[in-house]
Amino acid sequence: MRNLVISSLVFGVSKKTNKSNHFRLKMMCCALCFGVGFLSAQEEETGDKYVPFSIGAHIKNMHIWHGSVVHPGAVIAADLEYNSRNNKFTMGLWGGSSFSTIDVFNPYTGEHASAYYKEVAVYAKYRFSEIFFIEAISHNNYTGVEERGDKLHFWSYDKTQGYNFVDVGFGYHITPNTLVYLATIVGGGSGDYELHDNGVLKNSWTHYFEVSSKVWNNQNSSLSLFAGGAWSFITDQTFYTDGVGNIINIGATFSNDISIKSYKLPVNVTVMWNPEQEKTVLQLDITLF
């Protein structure tokens, strides 16, 4: 999930990154196989309370991610998720599409074309305890790929294609209401690299660190604050910033359950400020089910 303006400026497919592609695919496969291995080790449970699969759907006025506006218009998102019996392992698919388009440039025709936001992400998560977890996410944002004249290779992780990348994250609850989270983009995916004068692409391995905390809550509502930044130890730019590092994601989320007769509709409103881009947005996220 990345800023669409940046993604739409990346063209071409490099054949030199096949090894990197295989590396990233192996990482995702290992993560999935690692988790699936836990299925056979689950304890038997009496009754029919355990439901391994679940689905969900959200509608949002825009889609934001780590301080970036991925799509500025209305989006509908769905997820299909598996959870192990002991709730330690989660594996799922998340997909989003938009009601509105953005303009992308096709260098072959010299014209702009309209493209809908389209993304399907694959993720896996393992909880070592109630306070510590690790996760891997393959973000596959293929918005405008064909409209800008490229051939769609959904599982390609060629770093110059500009729509696929994998990040690995660690989360730790320092208190029940406060989470610290560190994610690292693996191996230059989706433009996470620095172009040198000699044509060499040096991977940035961008790190994103965020602290979030629930500071107030009652029976149906809560307020959380968050702050996040990105940096690279390797290059002078990152996936999220124009420089070696910066604070990029400051804001608050108010959550409220709206009662409609016997049905409760969860609604989140997030105000996000990116100091580097001097951008402030308000995201409305409604959980349909």
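This text follows the structure it describes.
About the criteria used
- Residues numbered from 1 in each chain as written.
- Predicted model: local features only at pLDDT ≥ 70, side-chain atom pairs only at ≥ 80, totals over all residues.
- Heavy atoms only, no water.
- Core = buried A, V, L, I, M, F, W, Y, C linked by side-chain atoms within 4.5 Å.
- Buried < 20%, exposed > 50% of the residue type's maximum accessible area, 1.4 Å probe, protein only.
- Salt bridge = Lys/Arg side-chain N within 4 Å of Asp/Glu carboxyl O.
- Helix = DSSP H or I, 4+ residues; strand = E, 2+ residues; numbered from the N terminus.

Colleague: When you look at the nonpolar core in this model, what are you seeing that I'm missing?
Modeller: The nonpolar side chains of a soluble globular protein tend to be buried with one another. Ranked by internal contacts, the top residues of the largest apolar core, which has 16 residues, are Trp 94 and Tyr 240. Residues Met 62, Ile 64, Val 69 and Met 272 belong to the second largest nonpolar core, which totals 5 residues.

Colleague: Help me out: how do you make sense of the pattern of salt bridges in this one?
Modeller: Where charged atoms of side chains with opposite charge meet at close range, the side chains can pair. For the coordinates displayed, the defined rule picks out 2 salt bridges. A salt bridge links Lys 118 to Glu 147; the shortest N-O distance between them is 3.9 Å. Of this pair, Lys 118 sits in strand β6 (residues 111–127) while Glu 147 sits in the loop between β7 (132–140) and β8 (164–175), and the two are 29 residues apart along the sequence. What makes Lys 118 partly exposed here is its relative accessible area of 24%. Arg 148 serves as the salt-bridge partner of Asp 150, at 3.0 Å between the closest nitrogen and oxygen. Take Asp 150 and Arg 148: they sit in the same class, and that class is buried.

Colleague: What is the right way to read unusual backbone geometry from this model?
Modeller: The phi angle of most residues is negative, glycine excepted, and most peptide bonds adopt the trans form. A positive phi is found at His 66, a non-glycine position, where the angle reads about 50 degrees. Note that His 66 resides in the loop between β2 (63–65) and β3 (68–71). Its relative accessible area of 10% is what places His 66 among the buried residues. Of note, Glu 278 is a non-glycine position whose phi angle comes to about 50 degrees, a positive value. Its location among the elements puts Glu 278 in the loop between β15 (263–274) and β16 (279–287).

Keep in mind these numbers describe shape, not what the thing actually does.
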